[in-house]
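# Observations on the model geometry
What follows is each chain in one-letter form.
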Amino acid sequence: MKSTFDIDALIDNNEVIVCAGSGGVGKTTTSATIGIRAALRGKKVLVCTIDPAKRLANSLGIAELSGEEHLVEPERFTTVGAEMKGSLTALMLDVKRAFDELIERNAPNEEIKRKIFENRLYNNISTALGGSQEYVAMQKLADLHASRRFDLIVLDTPPARHALDFLEAPAKITDFFTARIVDWFFKPGARSQNVGYKLFQKSGTAFLEILKRLTGAQLLDDLADFFQNFDAVLEEFQRQGQALKVLLASPKVTFVIVTAPDELGIEETLHFYERLREMKLPFGGFIVNRVRRTYGIELARRQDVVAGLRAQDVPPIPGGKETWTRLVDNLDRFLLLATADYKSIQRLADRSNGLVRPVPFFDKDVYDVPDLLAINRHLAGE
């Protein structure tokens, strides 16, 4: 496979790199590694993540990632022979805090702000509503980019079962706040007359009586109170949603899809790739993590190599022939799995004109600085 993936070009030519993919494929480690490489190349970099492994944070010298920005000490890299010519800042996104910041910024006055913050429905929406992490991550990305404080922002997208959740969830959240159901509850014209709460509280209809019996009157009161007060910030939410669409389609933004080489993962990855193309969003390439190594063996000759090992004299090892047979069988199975991995990689390469970079399976969890630098080299094809 001939790779056209160029991580340094992506770093040099973009202001935002979005690392997307389904959960558990190594997005956070990949995001950190891209950020490290950019900082080593002289960029002022921010890596924004949702839920980094504690050991990864510790390896970067950060005891605890909160909603605050943390500057990574350059000495952690110079001690292993890597000079950080730029700077690396890490930020773990606090979803509740970020939602509160949106309200702080957009509420028209202190009274409405207070009512929203005290509303129980709001407190559930801002922490537990499906898609809230994705929505806040996208809005935080827009805010950070607008600040112009960094040369490059690397966004580690929230852990999700499906990669498409990241693209679709923000729109669903916006729709929730601006959907016709809000107008339906408040009745046509109710908002403009500022009487929505009173209309909603009326329990004369059979439907509202059923709702009260099913959910309790308090929930309906919370719902009505929330939508009445939140109405004041809906217009700004809509404006920000449009601005975000413009940012993501910018030539200074690119999406990198992180995946594992298993067949189901590749199918989902290709589906996500096609959605990016449909939405005309910029694509930088595929990074395939945990690819099984070939140890210098040409996979097309796997059967010949294994047959030769079976036929040769048994080396002097504990267990003799039985141990040797098991070792060769294990190698055969491993190379068979490696063959499947590289077929998956070739599928991605064929669809993307070679924009794919494999990163090998490490024999231990990757968290310390030397291992991150090793991944760094693999991303560059070194």
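Residues numbered from 1 in each chain as written. Predicted model: local features only at pLDDT ≥ 70, side-chain atom pairs only at ≥ 80, totals over all residues. Heavy atoms only, no water.

Another point: the packing of helix α14 (residues 263-278) against helix α16 (residues 320-352). Where α14 contacts α16, the axes come no closer than 11 Å and their chain directions differ by 10°. Considered as vectors, α14 and α16 are oriented roughly parallel to each other. The two elements α14 and α16 meet at a crossing, and its hand is right-handed. Touching Ile266, Glu267, Thr269, Leu270, Tyr273 and Glu274 of α14 are Ser344, Arg347, Leu348, Arg351 and Ser352, all from α16. In terms of residue class, the contact of α14 with α16 is made up of four nonpolar, three polar and four charged. (Axes fitted to C-alpha atoms, helices over the stretch in contact; angles between N-to-C directions. Helix = DSSP H or I, 4+ residues; strand = E, 2+ residues; numbered from the N terminus. Parallel < 35°, antiparallel > 145°, perpendicular 65-115°, else oblique. Left-handed = near helix turned anticlockwise from the far one by under 90°. Contact = heavy atoms within 4.5 Å. Nonpolar A, V, L, I, M, F, W, Y, C, P; charged D, E, K, R; others polar.)

All right, on to the environment of Thr259 then. Topologically, Thr259 is positioned in strand β6 (residues 253-259). Beyond its immediate stretch of four places on either side in the chain, Thr259 contacts Val25, Gly265, Ile266, Thr269, Ile287, Val288, Asn289 and Leu348. Here the side chain of Thr259 touches Thr269 through a polar contact of 2.8 Å, side chain to side chain. (Polar contact = N/O pair within 3.5 Å; in protein donor to acceptor, adjacent residues only side chain to side chain.)

Looking now at empty space enclosed by the protein. Per the counting criterion, the structure on display carries three cavities of 30 Å³ or more. Considering the residues around the second largest cavity, the lining is formed by Ala98, Glu101, Leu102, Arg105, Val136, Gln139, Lys140 and Asp143. Put simply, the parts of the chain that give the lining of the second largest cavity at least two residues each are α5 (95-106) and α8 (132-147). Looking at the lining of the second largest cavity, its residues break down into three nonpolar, one polar and four charged. (1 Å grid on protein atoms, 1.4 Å probe; cavity = no way out; pocket = protein on both sides within 12 Å on 5 of 7 lines; lining within 4 Å. Points joined across faces, edges and corners; volume = space filled by probe spheres on them.)

This brings us to the pairing of strand β4 (residues 87-92). Counting buried residues along β4, five of its six residues qualify, which places the element largely inside the surrounding structure. In the sheet, strand β2 (residues 44-49) pairs with β4 via six bridges, with the strands oriented parallel. Among the inter-strand pairings, Thr49 is bridged to a residue of β4, identified as Met92. Note: strand β3 (residues 69-71) against β4, three bridges, orientation antiparallel. Of the residues in β4, the one forming a bridge with Leu71 is Thr89. (Buried < 20%, exposed > 50% of the residue type's maximum accessible area, 1.4 Å probe, protein only. Pairing = 2+ DSSP bridges.)

The subject of this paragraph is the pattern of salt bridges. If you walk through the whole model with that rule in mind, you get 27 salt bridges. Note that Asp8 is salt-bridged to Arg37, the shortest N-O span being 2.6 Å. With Asp8 in helix α1 (residues 7-13) and Arg37 in helix α2 (residues 27-40), this residue pair connects regions lying 29 residues apart in the sequence. In terms of burial, Asp8 and Arg37 fall into one category: buried. Between Asp12 and Arg41 there is a salt bridge; the shortest N-O distance is 2.6 Å. (Salt bridge = Lys/Arg side-chain N within 4 Å of Asp/Glu carboxyl O.)

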